[in-house]
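# Structural overview for review
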Amino acid sequence: LVAVSSGRVGYVFLEGAQLRDWAVTTTVSGKSTDLVAFVQDLINTLKPDVVVTEKCDEHCRKGKRSRKLISSITLLASHNYVLDVSVPRPRVVASKYEEAESAVKRHPDLIGYLPERKRRFFEFEPRNMIVFEALALAEEVIDGPPDKLAAAMG
C-alpha cells in the first residue's frame, strides 16, 4: 500500500494482517516519474498481490498534485498486473493522532513513528503520519467488507 500526501510518500507492506515493511520518504513526492520509479522498485522487491491507494473522488481531501501522483500509482499497478484497490480514506476516529495511537497498539513496531505530541494548528503535520494513513487504507481493505476487493477484481 502506498499513501501520498503533500511533500511525502509512505508505504506499508502487509502479509495478511502482519506488518512486514514500512517507510516514509520525501525524495519521491515531487514528480510522478520519481514516485513511479520508487513504487516500481517496491513492486519488484516486495511482490505484492494488491496495491491499495486512496480513492480520489469528490470526498477526497487530497490536493491536485497528490491526486496526480496517486493516479500514476494506479496506472503503474495495472501495468504490472497487480490488483489496484482504491478506497476512500477511512475516518473512524476523531483525529489522525488517535488513529496513530490505535495503530501502534496493533503494530508496536511503529512506536518510533508516533509523534511526541499533537501538532498545534499553525504547525506542519509530522512527516511520519503518512505511515499511519497508509496503514489505515490497507486495513480498510483487509478488515472491511469483501465487496471492495471484489469490485476491484471486476
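Preceding block: the structure.
Think of an α-helix as 3.6 residues a turn; residues three or four steps apart then line up on the same face. Given a rise of 1.5 Å per residue, 16 residues ought to cover 22 Å, and the 23 Å separating the end C-alpha atoms of helix α2 (residues 64-79) matches this to within 8%. Looking only at α2, the buried set comprises S66, L69, I70, S72, I73, L76 and A77. Buried residues in α2, looked at end-on, bunch into an arc of 155°, giving them a common side. Along α2, exposed side chains directed more than 90 degrees from the buried face belong to K64, K68 and H79.

In this section: the sheet that holds strand β2 (residues 8-15). In spatial order, the strands read β1-β2-β3; together these 3 strands make up an open sheet with antiparallel pairing. One side of each edge strand has no neighbouring strand; the edge strands of this open sheet are β1 (2-5) and β3 (18-25). Strand-to-strand twist in this sheet, taken as the mean axis angle between neighbours without regard to direction, amounts to 15°. In the sheet, β1 pairs with β2 via 4 bridges, with the strands oriented antiparallel. Its bridge partner lying in β2, V2 is registered against Y11. Along the sheet, helix α1 (residues 32-46) makes contact with β1, β2 and β3, crossing β2 at roughly 15°. Of the strands in this sheet, β1, β2 and β3 are in contact with helix α4 (residues 129-143), which crosses β2 at around 40°.

By volume, the second largest pocket amounts to about 260 Å³. S5, R61, K62, K96 and E133 are the residues nearest the centre of the second largest pocket, which is lined by 13 residues in total. Residues of the lining of the second largest pocket, tallied by class, amount to no nonpolar, 4 polar and 9 charged.

Quick look at the packing of helix α3 (residues 96-106) against α4 now. Taken N-terminus to C-terminus, the directions of α3 and α4 make an angle of 70°; their axes are 10 Å apart at the nearest point. One finds that α3 runs roughly perpendicular with respect to α4. Between α3 and α4, the residues in contact are K96, Y97, E99, A100, A103, V104 and R106 and M129, F132, E133, L135, A136 and E139, respectively. Residue composition of the contact of α3 with α4, by class: 8 nonpolar, no polar and 5 charged.

A few words on the pairing of strand β5 (residues 83-87). Regular strands place their side chains on alternate faces of the sheet. Inspection of the sheet shows strand β4 (residues 50-54) paired to β5 by 5 bridges, in the parallel sense. Directly across from E54, in β5, lies its bridge partner V87. After leaving β4, the chain enters α2 and then returns to the sheet as β5, a path that is right-handed.

Conventions we followed
- Each chain carries its own residue numbering, running from 1 in the written order of its sequence.
- Reporting of local features is limited, given that this is a predicted model, to residues whose pLDDT is at least 70; pairs of side-chain atoms are given and counted only at 80 or more, and all residues count toward the totals for whole chains, interfaces and linings.
- Each side-chain value is derived from all of the structure's non-hydrogen atoms; neither hydrogens nor water enter the calculation.
- Only DSSP runs of H or I with at least four residues qualify as helices, and only runs of E with at least two residues qualify as strands; both kinds are numbered from the N terminus onward.
- Expected span of a helix: the number of residues minus one, times 1.5 Å.
- Type-normalised accessible area, obtained with a 1.4 Å probe on protein chains alone, sets the label of each residue: buried when under 20%, exposed when over 50%, and partly exposed for intermediate values.
- Throughout, the arc means the angular range of directions from the helix axis out to the C-beta atoms.
- For two strands to count as paired, DSSP must find a minimum of two bridges between them.
- Whenever a helix is involved, its axis is fitted only over the stretch in contact; in every case the axis is a line through C-alpha atoms, and angles between N-to-C directions fall within 0 to 180 degrees.
- Pairs of residues are marked as contacts when any of their non-hydrogen atoms sit within 4.5 Å.
- For cavity detection a 1 Å grid was placed over the protein atoms alone, and a set of points counts as a cavity when a 1.4 Å probe fits there but cannot get out; an open set counts as a pocket when protein lies on both sides within 12 Å along at least five of seven lines, with lining residues being those that have an atom within 4 Å of a point.
- Grid points are joined across faces, edges and corners, and a volume is the space filled by probe spheres set on the points.
- Charged means Asp, Glu, Lys or Arg here, nonpolar means Ala, Val, Leu, Ile, Met, Phe, Trp, Tyr, Cys or Pro, and polar covers whatever is left, Gly included.
- Every angle not falling under 35 degrees, over 145, or within 65 to 115 is termed oblique; those three ranges are roughly parallel, roughly antiparallel and roughly perpendicular.
- Whether a crossover is right-handed depends on one test, that the path from the first strand over the helix to the second runs clockwise when the strands point away from the viewer.

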